[in-house]
Amino acid sequence: MIDQAHAPAGLLVSAPSSGTGKTTVMLGLLRALAEDGLIVQPYKTGPDYIDPAFHRAACGRSSFNLDTWAMGPKLLGAVAARSEGADICIAEGSMGLYDGVATAGQCGFGSSAEAAMWMGWPVVLVIDVSGQAQSAAAAALGFQAYNPDVPFAGVILNRVASPRHERLARLGMEKAGLTVLGALPRRGDLALPERHLGLIQAVEHPDLEAAIADYAEFLRAHVDLQAIRAAAEGKTQGQSLIGAKTRLPKPPAQRIALAQDAAFSFAYPHLVEGWRAGGAEIMPFSPLEDEAPDERADLVWLPGGYPELHAGRLAAAERFRAGLLKHAETRPVHGECGGYMALGAALVNKEGKSHRMAGLLGLVTSYEKRKLHLGYRRVNLTAAMPGFDAGAHLFGHEFHYSTILEQPDAPLAQVTDADGNSVAETGSRRGWTTGTFFHLITAAEASE
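Given the structure is predicted, the values throughout are model-derived calculations rather than measurements.

With that out of the way, let us pick up the packing of aromatic side chains. All told, the structure shown has twelve aromatic pairs when counted by the stated rule. Aromatic pair Tyr 49 and Phe 266: ring centres 4.6 Å apart, planes at 25°, arrangement stacked. In this pair, Tyr 49 is assigned in the loop between β2 (40-45) and α2 (51-59) and Phe 266 in the loop between β10 (255-259) and α9 (269-277), connecting sequence segments 217 residues apart. Taking the relative accessible area as the measure of exposure, Phe 266 reaches 2% and is therefore buried. Taken together, a centroid distance of 5.4 Å and an interplanar angle of 75° make the contact between Phe 266 and Tyr 306 edge-to-face. Here the residue Phe 266 occupies a position in the loop between β10 and α9, and Tyr 306 occupies one in the loop between β12 (299-302) and α10 (311-316), the gap between them amounting to 40 residues. The structure contains a cluster of three or more aromatic residues connected by ring pairs, namely Tyr 49, Phe 266, Tyr 268 and Tyr 306. The ring of Phe 218 carries Arg 187 above its face, with NZ or CZ at 4.9 Å from the centroid. Across the ring face of Tyr 401, the terminal group of Arg 370 is positioned such that the distance to the ring centre comes to 4.3 Å.

Here it is in structure tokens:
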């Protein structure tokens, strides 16, 4: 049971849009509060699977997704319960504060504002004031007024050009009745490295520890941390989580060999946490290091990632391939997105070179002509996959740039987008092997 009246203080760091610098603010804030001796529980709203690893690096505690579209009340409550033992919760929003989808999912439309209301966390809005001054206050005031039910703590001014610029922007906020929690000078060296799916992975950052320490020092110099903590203490009641029977996802097997390296790293933390909480043994292995899955495993699970960046190494990983093929003779193997592509017959990289993959499925994918596939997915399984029977209704998310050249195997599911429009990426199955382009978030919650 989750009792929000006794949950830790918290707040949500959001922005009017992507690209305003909220991730930098988030990482600096996590590290600064942790340095002050607080146990900080990080969260990420929406289906992002890259930022949580950065959060963990910043404060030493696993970050979890809060997704009001895909998750029902039981799972949201269980994810909220991961804050047990923490002094403060800090969540990072996705895209703009009110951005979501047009058709509701299990609890809402997937916006960061909804997550703030569910959790009762006041919003700290990071405003990019470059190219404006007092006018920034009009935008911030609009965000506060758009939905009066969203708790609002104040703003952090980002990319301030000069003391005069800061003074003018503060005057505008004062006139609008908005609290300014900090003002960050413009610095071109604070941007995190990116690639086509967003930020690079935390494990790939050339010097992540130094970068996060720099962010924390920057935040200390320009943001009122005491005011931030006071704003978090002003949380409101998280109405819908009170009394909810919380439940993390159940494990799909007792012993799970989980691929984990730079090519396969996009496993949602709440899934793996649920597997462990359900008594499963997680057996990590690295296909890039040519490691075979543990022979004792009941299930091999290849999550998403960047196999297209490592296609040559995967093609040459003979021990990995042999171990995978042996396992698939008698026990299930499942792949998501990048993992699905690695289970196929071949992967064509952006230069047009074809690399042999595991061959457990006939799927052939290509990055030679990139095409964005992005969005929530509603899934009705037409055949069983690990952890779910045929007929199960699942919620997931798809994000990749690959194109299917061949998919000769039987489809695994009927898949639509959030609005119910049919999606061609149905996943496929052959023998003990299944794969999907969607990343599983959870199953539909039964009403009780």
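Below, the discussion takes up the environment of Lys 371. In this structure, Lys 371 sits in the loop between β16 (364-366) and β17 (373-381). Judged by its relative accessible area of 52%, Lys 371 is exposed. Counting along the chain gives 13 residues from Lys 371 to Ala 358, while the straight-line C-alpha distance between them is 24 Å. Look past the residues within four positions of Lys 371 in its chain and what remains in contact with it is His 400, Tyr 401, Ser 402 and Thr 403.

The next subject is the packing of helix α5 (residues 135-146) against helix α6 (residues 163-176). Taken N-terminus to C-terminus, the directions of α5 and α6 make an angle of 40°; their axes are 7 Å apart at the nearest point. One finds that α5 runs oblique with respect to α6. As for how α5 packs across α6, the hand of that crossing is right-handed. In contact with Ala 136, Ala 137, Ala 140 and Leu 141 of α5, α6 contributes Gly 172, Met 173 and Ala 176. For the contact of α5 with α6, the per-class residue count stands at six nonpolar, one polar and no charged.

Quick notes on the rules
- Residues numbered from 1 in each chain as written.
- Predicted model: local features only at pLDDT ≥ 70, side-chain atom pairs only at ≥ 80, totals over all residues.
- Heavy atoms only, no water.
- Phe/Tyr/Trp six-rings, centres within 6.5 Å; stacked < 30°, edge-to-face > 60°.
- Helix = DSSP H or I, 4+ residues; strand = E, 2+ residues; numbered from the N terminus.
- Buried < 20%, exposed > 50% of the residue type's maximum accessible area, 1.4 Å probe, protein only.
- Lys NZ or Arg CZ within 6 Å of the ring centre and 35° of its normal.
- Contact = heavy atoms within 4.5 Å.
- Axes fitted to C-alpha atoms, helices over the stretch in contact; angles between N-to-C directions.
- Parallel < 35°, antiparallel > 145°, perpendicular 65-115°, else oblique.
- Left-handed = near helix turned anticlockwise from the far one by under 90°.
- Nonpolar A, V, L, I, M, F, W, Y, C, P; charged D, E, K, R; others polar.

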